[in-house]
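Examining the three-dimensional arrangement
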Amino acid sequence: MSTPAVVPGKFLSLEGLEGVGKTTNLEFIQETLQSAGVSVLVTREPGGTELGEALRSVLLHSQHAMQAETEMLMMAASRVEHVATVILPALASGQWVLSDRYLDASLAYQGGGREIGVQRVKDIHTLAGVTRMPDLTLLLDMPIALGRERIAVRNATDRIEAEADPFFERCRSAYLAVAKEDPVRVKVIDASKPLDIVQTKIAQILAPLLEETLLANGRSLG
Ligand code: TYD
């Protein structure tokens, strides 16, 4: 008897600026997938591998001054490791992957925020062989001032969180431009709405993807 072919997992990423509710909604997405019977690997960028986590600590918490291009290349280096050694193998084994940030974060923060340009950041990734984009990206969006109010209550500020408003305005514009260019993959969610409305919206976006996978696996949603 032949073994049934493995249905590859789906690759999801969650994006947004500081204070948009990424952590709470990441947990919500994870729970939604798990209660539908999906096996999901939750990971993050920068990070997700041992080397990536070491790069993360330099990127976010070191005192070294850094050129914008250095920051971009280290974000990309972390991603090269993450895709090759964690994301692609998990997807191939049938697991879903949910990444707390991915390539769009570099387009927004380094391309927009640091003014390197979205196209240059894309080109670097192509050069480095990072071509796998998520099947679905959820972009939590809200005005900068509102996100600022929310993070004001937290005390730890990392190297990037410490940037001023114009930096985050550029990041936000770049995120929204990416979403506009690729509306099938990137779904923008108004994160200024109450949490229950945000989560209803997320569940609506996930539903067709879950249904498609469960059908492919010969199961029904019940
Ligand atoms: P974040 O994901 O917000 O984690 P935490 O909730 O622990 O603060 O922090 C990661 C920071 O790194 C955030 O400021 C965005 C930034 N970043 C980039 O600038 N470029 C990238 O490519 C990625 C993945 C993150």
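This text follows the structure it describes.
Before going into details, it helps to say that this report is about the structure given with it. (Residues numbered from 1 in each chain as written. Predicted model: local features only at pLDDT ≥ 70, side-chain atom pairs only at ≥ 80, totals over all residues. Heavy atoms only, no water.)

A few words now on the overall build of the protein. Secondary structure summary: the protein contains eight helices and five strands in total. Mapped in sequence order, the helices and strands of the protein form the string β-α-β-α-α-β-α-α-β-α-α-β-α. The C-alpha atoms of the protein give a radius of gyration of 18 Å, which matches the 17 Å a tight globule of 222 residues would have. Overall, the protein is about 60 × 40 × 30 Å in size when its C-alpha atoms are taken along their principal axes. Summarising the internal contacts of the protein: among those between residues at least 6 apart in sequence, 79% fall at separations of at least 24. Carbon and sulfur atoms make up 56% of the accessible area of the protein, which amounts to about 11,000 Å² in all. Looking at charge distribution, the protein has the averaged site of its 22 positive side-chain charges lying 2 Å from that of its 28 negative ones. (Helix = DSSP H or I, 4+ residues; strand = E, 2+ residues; numbered from the N terminus. Rg over C-alpha atoms; globule rule 2.2 N^0.38 Å. Contact = heavy atoms within 4.5 Å. Areas by Shrake-Rupley, 256 points an atom, 1.4 Å probe, with all protein chains shown as cover. Lys, Arg positive; Asp, Glu negative; His and termini not counted. Charge placed at Lys NZ, Arg CZ, Asp CG, Glu CD.)

It is worth spelling out the site of the ligand at this point. Of all residues adjacent to the ligand, which total 16 residues, the nearest are Glu18, Arg79, Arg101, Ser106 and Gln110. Residue Ser106 places a side-chain N or O atom 2.5 Å away from an oxygen atom belonging to the ligand. Here a nitrogen atom of the ligand and a side-chain polar atom of Gln110 are 2.8 Å apart. Summarising the interface, the protein chains cover 88% of the accessible area of the ligand, which totals 550 Å² for the free molecule. (Near = heavy atom within 4 Å. Polar contact = N/O pair within 3.5 Å; in protein donor to acceptor, adjacent residues only side chain to side chain.)

The analysis is restricted to geometry; functional conclusions fall outside its scope.
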